[in-house]
Amino acid sequence: MNKIKVGVIGCGGIANGKHLPAIKRNGNMKIVAFCDIIKERAEKAKKEYGTSDARVYTDYKELVKEKDIQAVYVLTPNKSHAYISIAAMEAGKHVMCEKPMAKTYEDAKKMVETAKKTGKILTIGYQNRFRADSGYLKRVCENGELGEVYYAKAHAIRRRAVPTWGVFLNEEEQGGGPLIDIGTHALDLTLWMMNNYEPEVVMGSVYRKLADQTETGNAFGEWDPKEFTVEDSAFGFIKMKNGATINLEASWALNTLDVDEAKTTLCGTKAGADMKDGLRINGVKYNKQYVEKPDLNSGGVAFYEGESEKAEDIEQKVFYEAITKGKELVVKPEQALVVTQILEAIYESGRTGKPVYFN
Ligand SMILES: NC(=O)c1ccc[n+]([C@@H]2O[C@H](COP(=O)([O-])OP(=O)(O)OC[C@H]3O[C@@H](n4cnc5c(N)ncnc54)[C@H](O)[C@@H]3O)[C@@H](O)[C@H]2O)c1
């Protein structure tokens, strides 16, 4: 196998939870450089995932200068996604950048333009597209089995799971709270299934209602209200140019039992689908309503439970094959750009109380 040499920038939660283990499992890349502004994190990652000759940096600019590196993983807080990715592409590297693509539409647009200008591959870490249920539903959609999808919901709702590590509560670092953090996954999944990237108008409501409370029962421990400078929930009503409607719900803390994350509900003229209890396809056949639940594990055989390939392993393989074999990306930067554009419009509408129209 043609192992390609890569550098990892940002050695925190998502690096250690997703990309570094996936790179190790797939074995198709060699990590030759690790960078984190906290040097110990880069050193620890090198120890676990690198070879003894791997280099450690605290400045991404030094890493992207290195001639032998073909691709870079940008796994830092949202604020730096755009400028690090752009610097990496301009230095001739392909880029896997974590979600959300950028804090602003302007920044995301510059990323897309740089990818075009340099001819480098740019993709965004929307690994939920690679889940077994998502892959199956995408094929259902592509086959036209749902008909015209004219109503959809993008679900990103937690009761009390505010991330209390890193800089997630910091507006300046992240550009927002649950909407940009987890709403981005749900919206990406929904637009991809609908294959519809043409928004017409967006209305948004953005709230900071529970952030000052204490004894919160939060899954990740108590947060500090003083540090909580982002919203705790946000809701968007998105009308597409073809008349379709999407409701986007995003929250880290909401008084509801209706919790769902990185999921979509689609309602079409022929059938519908949701991910609320595994993947379910609903419709009417022979004058009767039906619900289908595909078995996505293909298990049920003695001593064989069946297992789907991990989403992050497929994500990593797709990136590798785009670089080495010129295969088509699944998460295209132009698609992530529209996600960013809609999220920004929801924030703007929440601030102004007015709808945001797109040309
Ligand atoms: N795909 C997913 O489902 C998913 C899940 C979690 C996080 N993320 C994304 O990953 C990114 C990082 O989140 P995290 O949970 O790993 O945060 P984290 O705080 O755990 O890790 C970020 C790391 O980046 C380092 N860093 C910050 N600025 C840097 C810079 N300029 N150069 C080099 N290193 C820098 C920090 O020191 C830290 O170690 C965020 O954009 C987040 O949205 C994606």
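Look up: the structure comes first, before these words.
Cut-offs and rules
- Residues numbered from 1 in each chain as written.
- Predicted model: local features only at pLDDT ≥ 70, side-chain atom pairs only at ≥ 80, totals over all residues.
- Heavy atoms only, no water.
- Near = heavy atom within 4 Å.
- Polar contact = N/O pair within 3.5 Å; in protein donor to acceptor, adjacent residues only side chain to side chain.
- Helix = DSSP H or I, 4+ residues; strand = E, 2+ residues; numbered from the N terminus.
- Nonpolar A, V, L, I, M, F, W, Y, C, P; charged D, E, K, R; others polar.
- Domains from an automatic or database assignment.
- Pairing = 2+ DSSP bridges.
- Axes fitted to C-alpha atoms, helices over the stretch in contact; angles between N-to-C directions.
- Contact = heavy atoms within 4.5 Å.
- Core = buried A, V, L, I, M, F, W, Y, C linked by side-chain atoms within 4.5 Å.
- Buried < 20%, exposed > 50% of the residue type's maximum accessible area, 1.4 Å probe, protein only.
- Expected span 1.5 Å × (residues − 1).
- Bend = angle between axes of the 7 residues up to and from the residue.

Caption draft 1: Structural view of the site of the ligand. In the vicinity of the ligand lie 24 residues, with Gly-13, Ile-14, Asp-36, Arg-41 and Asn-78 positioned nearest. At a separation of 3.5 Å, an oxygen atom of the ligand approaches a polar side-chain atom of Trp-165. Per-element accounting of the shell around the ligand gives the leading share, three residues, to helix α1 (residues 13-26). Partitioned by chemical class, the residues of the shell around the ligand number nine nonpolar, ten polar and five charged. Here the shell around the ligand gathers at least three residues from each of two domains, domain 1 (4-124) and domain 2 (129-312 + 339-357).

Caption draft 2: Inspection of the pairing of strand β13 (residues 280-285) at higher detail. The pairing of strand β12 (residues 272-274) with β13 spans three bridges and is classified as antiparallel. Looking at the pairing, Asp-274 lines up with Arg-280 of β13. Turn length for the β12-β13 hairpin, with the two strands adjacent in sequence and antiparallel, is five residues, and the turn residue Gly-278 shows positive phi of about 70°. The pairing of β13 with strand β14 (residues 288-292) spans five bridges and is classified as antiparallel. Within β14, the position partnered with Asn-282 by the bridge is Val-291.

Caption draft 3: Local environment of the sheet that holds strand β2 (residues 29-35). Judged by pairing direction, the sheet is parallel, and its six strands sit side by side in the order β3-β2-β1-β4-β5-β6 without closing on themselves. Bordering the open sheet on either side are β3 (55-57) and β6 (122-124), each of which pairs with just one other strand. On average, each strand axis in the sheet is tilted by 25° relative to the strand beside it, whichever way the strands run. The sheet contact formed by β2 and β3 spans three bridges and is parallel. Opposite Phe-34, over in β3, you have Val-56 as the bridge partner. Contacts from helix α2 (residues 39-49) reach β2 and β3 within the one sheet, and its direction differs from that of β2 by about 160°.

Caption draft 4: A look at the nonpolar core. If you look at the biggest cluster of nonpolar residues, it comprises 85 residues, and the most contacted ones within it are Leu-137 and Leu-146. At ten residues, helix α8 (residues 178-194) tops the list of elements feeding residues into this core. Lining this core are residues from two domains, each supplying at least three of them: domain 1 (4-124) and domain 2 (129-312 + 339-357). Leu-20, Ile-31, Tyr-49 and Ile-121 belong to the second-largest nonpolar core, a separate cluster that totals 24 residues.

Caption draft 5: Here's a closer look at α1. The terminal C-alpha atoms of α1, which comprises 14 residues, lie 20 Å apart, in line with the 20 Å expected from a rise of 1.5 Å per residue. Taking the largest bend as the criterion, α1 deviates by roughly 30°, centred on His-19, and proline Pro-21 comes between one and four positions later. What α1 keeps buried is the set Ala-15, Lys-18, His-19, Leu-20, Pro-21, Ala-22, Ile-23 and Asn-26. Buried residues belonging to α1 abut β1 (4-9), β2, α2, β4 (71-74), β5 (94-97) and α9 (311-325). Just downstream of α1, Gly-27 is the residue with a positive phi angle, here 65°.

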